[in-house]
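# A look at the structure
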Amino acid sequence: MKITKVELFLFHCDTTAPAKPVGIRMYTDEGIYGDGEASMSYGNGAEGAYGMLESLIPLVLGMNPLANEVIWDKLHKTTFWGQSPGPAVFSAMSAIDIALWDIKGKYYNTPLYNLLGGKFRNELRCYASQLQLGWGAEYNMAFSNEDYAAMAKKAVADGYDAIKVDFTCFGSGPQDRISHLQRSGLLAPKMLKLIEGRVAATREAVGEDVDIIIENHSGLDALSAVQIAEAVEKYNIFFFEEPNTPSPKTAKWISERTRIPIANGERIFSRWQYFPYFEDMSLQVAQPDLTSCGGVTEGKKICDMAHAYDVSVQLHVCGTPLSTALSLHLESSIPNFVIHEHHVNNLHDHIKDLCIYDYQPVNGVYTVPDLPGIGNEWSEKALATPDRKSVFEL
């Protein structure tokens, strides 16, 4: 079997949020195809993965799609920039690798979790993610303490017993976004009071039996991160995500000054970048994104490394329903899984319509797809109306 054609798509999304999902469909000479996704699809430079895929896809044409390790090593070792992993090259490698695993599952007629060693669990606890953006089919930004409390109550009413919120993102109104400068260094008392007030209101709204995860999107620095951690520790925080710009040294400094577990990984790529965090125990929850860390091939290695250091795993999931299904497979097949991220974007039609299946949790619990391969694929609607498309053939 060999790879004969790959279609590359920049999908169209009607949304006020900056989302430009990038996906591929890989074909073989035996009539089996597989789909893959690159997570460099939001924020500035979101189209970078598309350009990188235009360079990498020709390298895999004619190769055996079942040889995922061989293909991964070729992309890593022979492309020069593959050995200096950043979001563009590793997101592109991820999309290719994911499509290979989808093909492999379909070839052996089995779900991906079986190829990864089998399921440790049939059900996966998940949390409602990014409640500062609202919780529902439309964005509804939170500004006041009452807004944060209301969003938290709404998620809990939907059956979730864990939520994640960025309490440092917005100021007092729609035009009042807290700048990175206001979140750096030693925080002014007014800023610290604003953040703690939101956390306190959220905790009061959900009670003691709901876990609260604090998201920071790396907007803080080491000093302000420790200030906030000290202020909110009494509210029983589940973990403290992306407290500052990813760095093993500052992560260690922060983790030594708080009892709240530190989580990171959305902007950490490859086992080599993760290794120093594991070695000095500066990270307690690893969050690799399978659509940017190097795909399933690399993501499984990262999770296994984490297990050797008693580090838990919560895969970062902020993409389409394809990445949701993919992540559920890997999370079910590792012993050190802690919780699954259910992003508010996955409640929005412009994201859900990109795939043929819309997997959603029930009462805060997910089950894993049992279809061969990933168990999801790009919808005809998405494939028919992309913003951009390129085709590569053998």
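Here's a quick rundown of the structure. (Residues numbered from 1 in each chain as written. Predicted model: local features only at pLDDT ≥ 70, side-chain atom pairs only at ≥ 80, totals over all residues. Heavy atoms only, no water.)

### Description of the overall build of the protein
Broken down by element type, the protein carries 13 helices and 13 strands. Scaling as 2.2 N^0.38, a compact globule of 394 residues should have a C-alpha radius of gyration of about 21 Å, and the protein matches this with 20 Å. Reported as C-alpha extents along the three principal axes, the dimensions of the protein are approximately 65 × 40 × 40 Å. Relative to its 394 residues, the protein shows a buried fraction of 58%. Taking all contacts inside the protein whose residues are at least 6 apart in sequence as the whole, residues at least 24 apart take part in 72%. Approximately 15,300 Å² of the protein is accessible, and the part contributed by carbon and sulfur atoms is 52%. Averaged over its 33 positive side-chain charges, the protein has a centre that lies 3 Å from the centre of its 49 negative ones. (Helix = DSSP H or I, 4+ residues; strand = E, 2+ residues; numbered from the N terminus. Rg over C-alpha atoms; globule rule 2.2 N^0.38 Å. Buried < 20%, exposed > 50% of the residue type's maximum accessible area, 1.4 Å probe, protein only. Contact = heavy atoms within 4.5 Å. Areas by Shrake-Rupley, 256 points an atom, 1.4 Å probe, with all protein chains shown as cover. Lys, Arg positive; Asp, Glu negative; His and termini not counted. Charge placed at Lys NZ, Arg CZ, Asp CG, Glu CD.)

### Things to note about the sheet that holds strand β2 (residues 22–28)
Spatial strand order, β3-β2-β1-β13: four strands in an open sheet with antiparallel pairing. The open sheet has two edge strands, β3 (33–38) and β13 (388–393), and neither has a second partner. Mean inter-strand twist for the sheet, computed between neighbouring axes without regard to direction, equals 15°. Two elements, strand β1 (residues 3–10) and β2, share seven bridges in a ladder whose sense is antiparallel. Looking at the pairing, Ile-3 lines up with Thr-28 of β2. Most of the contacts of helix α3 (residues 87–107) go to β3, to which it runs at about 150°, and overall it touches β1, β2 and β3. (Pairing = 2+ DSSP bridges. Axes fitted to C-alpha atoms, helices over the stretch in contact; angles between N-to-C directions.)

### Describing the nonpolar core
In terms of nonpolar packing, the biggest core is built from 84 residues, with Leu-131, Ile-163, Val-232 and Phe-240 touching the most fellow members. In terms of residue count, helix α7 (residues 222–232) provides more of this core than any other element does, seven residues in total. Apart from residues no more than four positions distant in its own chain, Val-232 is found in contact with Val-199, Ile-214, Ile-237 and Ile-260. In terms of nonpolar packing, the next biggest core, distinct from the first, is built from 32 residues, Met-26, Ile-32, Ala-38 and Phe-90 among them. (Core = buried A, V, L, I, M, F, W, Y, C linked by side-chain atoms within 4.5 Å.)

### Structural notes on the environment of His-76
Relative to the helices and strands, His-76 resides in helix α2 (residues 68–77). As a C-alpha pair, His-76 and Met-93 span 17 residues in sequence and 8.2 Å in three-dimensional space. Apart from residues no more than four positions distant in its own chain, His-76 is found in contact with Gly-82, Gln-83, Phe-90, Met-93 and Trp-272. One polar contact links the side chain of His-76 to the main-chain carbonyl oxygen of Gly-82, over a distance of 3.5 Å. (Polar contact = N/O pair within 3.5 Å; in protein donor to acceptor, adjacent residues only side chain to side chain.)

### Examining the packing of α2 against helix α10 (residues 295–308)
How two helices pack is summed up by the angle between their axes together with the distance between the axes. In contact at an axis separation of 9 Å, α2 and α10 are set at 90° when each is read in the N-to-C sense. Comparing their axes, α10 and α2 come out roughly perpendicular. Only Thr-297, Glu-298 and Lys-301 of α10 make contact with α2, whose side of the interface consists of Asn-68, Glu-69 and Trp-72. (Parallel < 35°, antiparallel > 145°, perpendicular 65-115°, else oblique.)

### Side note on the environment of Leu-75
Along the polypeptide, Leu-75 turns up in helix α2. Taking relative accessible area as the criterion, Leu-75 reaches 2% and is therefore assigned buried. Sequence-wise, Leu-75 and Ala-99 are 24 residues apart; in three dimensions their C-alpha atoms are separated by 14 Å. If we skip the residues at most four places from it in the chain, Leu-75 touches Leu-56, Leu-59, Val-60, Gly-82, Met-93 and Ile-96.

### Overview of unusual backbone geometry
For Gln-130, which is not glycine, the phi torsion reads 70° and is therefore positive. Position of Gln-130 among the secondary structure elements: in the loop between β4 (123–129) and α5 (145–157). Even without glycine at this site, His-217 takes up a positive phi of about 50°. As for its position among the elements, His-217 is in the loop between β6 (211–215) and α7.

### Re the pairing of β2
Buried residues dominate β2, accounting for six of its seven residues. Counting the residues that bridge the hairpin from β2 to β3 gives four residues, and of these Gly-31 lies at a positive phi of roughly 85°.

### Some points on the packing of α3 against α10
Following both chains from N to C, one finds α3 and α10 inclined at 95°, their axes separated by 6 Å at the closest point. If you check the angle between α3 and α10, you find them roughly perpendicular. Between α3 and α10, the residues in contact are Ser-94, Asp-97, Ile-98 and Trp-101 and Gly-295, Val-296 and Thr-297, respectively. For the contact of α3 with α10, a count of residues per class yields three nonpolar, three polar and one charged. (Nonpolar A, V, L, I, M, F, W, Y, C, P; charged D, E, K, R; others polar.)

### Things to note about the pattern of salt bridges
Opposite charge on two side chains permits them to pair, given that their charged atoms come into close proximity. According to the stated counting rule, one finds 24 salt bridges in the structure shown. Glu-47 is paired through a salt bridge with Lys-20; the nearest N and O atoms lie 2.9 Å apart. Placement of Glu-47 in the loop between β3 and α1 (48–60) and of Lys-20 in the loop between β1 and β2 is noted, with a sequence separation of 27 residues between them. Between Arg-259 and Glu-233 there is a salt bridge; the shortest N-O distance is 2.8 Å. With Arg-259 in the loop between α8 (248–255) and β8 (262–264) and Glu-233 in the loop between α7 and β7 (237–241), this residue pair connects regions lying 26 residues apart in the sequence. For Glu-233, a relative accessible area of 24% puts it in the partly exposed group. Through salt bridges that share partners, Arg-25, Asp-35, Asp-102, Lys-106 and Glu-377 make up one connected network. (Salt bridge = Lys/Arg side-chain N within 4 Å of Asp/Glu carboxyl O.)

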